[in-house]
Amino acid sequence: MHSLAQMLRTAAAAALPGGAFLRRDRGDALFVTDAPRFGDRMDWAGLLFEAGFYCAVSGGLLRLWPAGIWLSRLEAACPEPPDDLCQSLSRFRGRDPDGESLKLFAFGMRCLDGGDGAARFDRKLRQRAAACLRLNAMDPSEPTLGGGLYACALLDHELEVQNR
């Protein structure tokens, strides 16, 4: 397992009560857990946000997405773009990610955590990047447009290295 994937898993698990499972989500979140059955009156949103995650309860389960802090940490750890895609998206570094970028990052992390779909992640990243580059050309003042794309490109690079 990649060290970043392990760091996210460790941080999420530490915020959960003992006995709760933590699994890779099959939807658009990164993880899913049964933590609500151990205390449904707990402030899950607050507890998990402190650990660096957004969450939503669905069908008695809690779904977790990485918050922007994880993307910022990855971007800070890799100031030099390792490939051409990362270089082309480095202009988006430091911008706050929107919900679509967080979902895309979660998808990439699921792939890095041992899930399949690396080629699909690459395609989705490139499609989103193209759309954001077009929109950015029309309105470069939008502060969140494309936020998180550099971090997603770094994940894409790691997936390529991992799958060689």
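Residues numbered from 1 in each chain as written. Predicted model: local features only at pLDDT ≥ 70, side-chain atom pairs only at ≥ 80, totals over all residues. Heavy atoms only, no water.

### Focus: the pattern of salt bridges
How we decide: We define a salt bridge as a contact between a side-chain nitrogen of Lys or Arg and a carboxyl oxygen of Asp or Glu at a distance within 4 Å. Secondary structure follows DSSP: runs of H or I at least 4 residues long count as helices, runs of E at least 2 residues long count as strands, and numbering of each begins at the N terminus. Three labels apply to residues, based on accessible area from a 1.4 Å probe with only protein chains included: buried if under 20% of the type maximum, exposed if over 50%, partly exposed otherwise in between.
All chains considered together, the criterion is met by nine salt bridges. With its nearest N and O atoms 2.5 Å apart, the salt bridge here joins Asp113 to Arg9. With a gap of 104 residues between them, Asp113 in the loop between helix H5 (99–112) and helix H6 (118–138) and Arg9 in helix H1 (residues 3–14) connect regions that are remote in the sequence. By relative accessible area, Arg9 is classed as buried at 18%.

### Thoughts on the nonpolar core
In plain terms, the rule: Note on terminology: a nonpolar core comprises buried Ala, Val, Leu, Ile, Met, Phe, Trp, Tyr and Cys residues joined through side-chain atoms within 4.5 Å. What makes two residues a contact is simply this: any of their non-hydrogen atoms within 4.5 Å.
With 46 residues, the main nonpolar core has Phe53, Phe105 and Met109 as its most contacted residues. Mapped onto this core, the elements with two or more residues apiece are H1, helix H2 (44–50), strand S4 (61–66), helix H3 (68–77), helix H4 (84–89), H5, H6 and helix H7 (149–162). What Met109 contacts, discounting residues up to four positions off in sequence, is Leu4, Ala5, Leu8, Leu30 and Leu155.

### Topic: the sheet that holds strand S2 (residues 31–33)
Applicable threshold: We treat two strands as partners when DSSP finds at least two bridges between them. All axes are obtained by fitting lines to C-alpha atoms, using only the stretch in contact for helices, and the reported angles, taken between N-to-C directions, cover 0 to 180 degrees.
Reading across from one edge, S1-S2-S4-S3 is the order of the four strands in this open sheet, with antiparallel pairing throughout. Pairing within the sheet leaves two strands with one partner each, and these edge strands are strand S1 (22–24) and strand S3 (53–58). In this sheet, adjacent strand axes meet at a mean angle of 30° when their direction is disregarded. Each of S1, S2, S3 and S4 touches H1; the most contacted strand, S1, lies at about 145° to it.

### Digging into H3
Inclusion rule: This arc describes the spread of directions from the helix axis toward the C-beta atoms.
Where H3 is concerned, the buried positions are Gly68, Trp70, Leu71, Leu74 and Glu75. All buried residues of H3 fall inside an arc of 160° around its axis, so they share one side. For H3, the exposed residues set more than 90 degrees away from the buried face come down to Ala76 and Ala77. The secondary structure elements touched by the buried residues of H3 are H1, S3, S4, H5 and H7.

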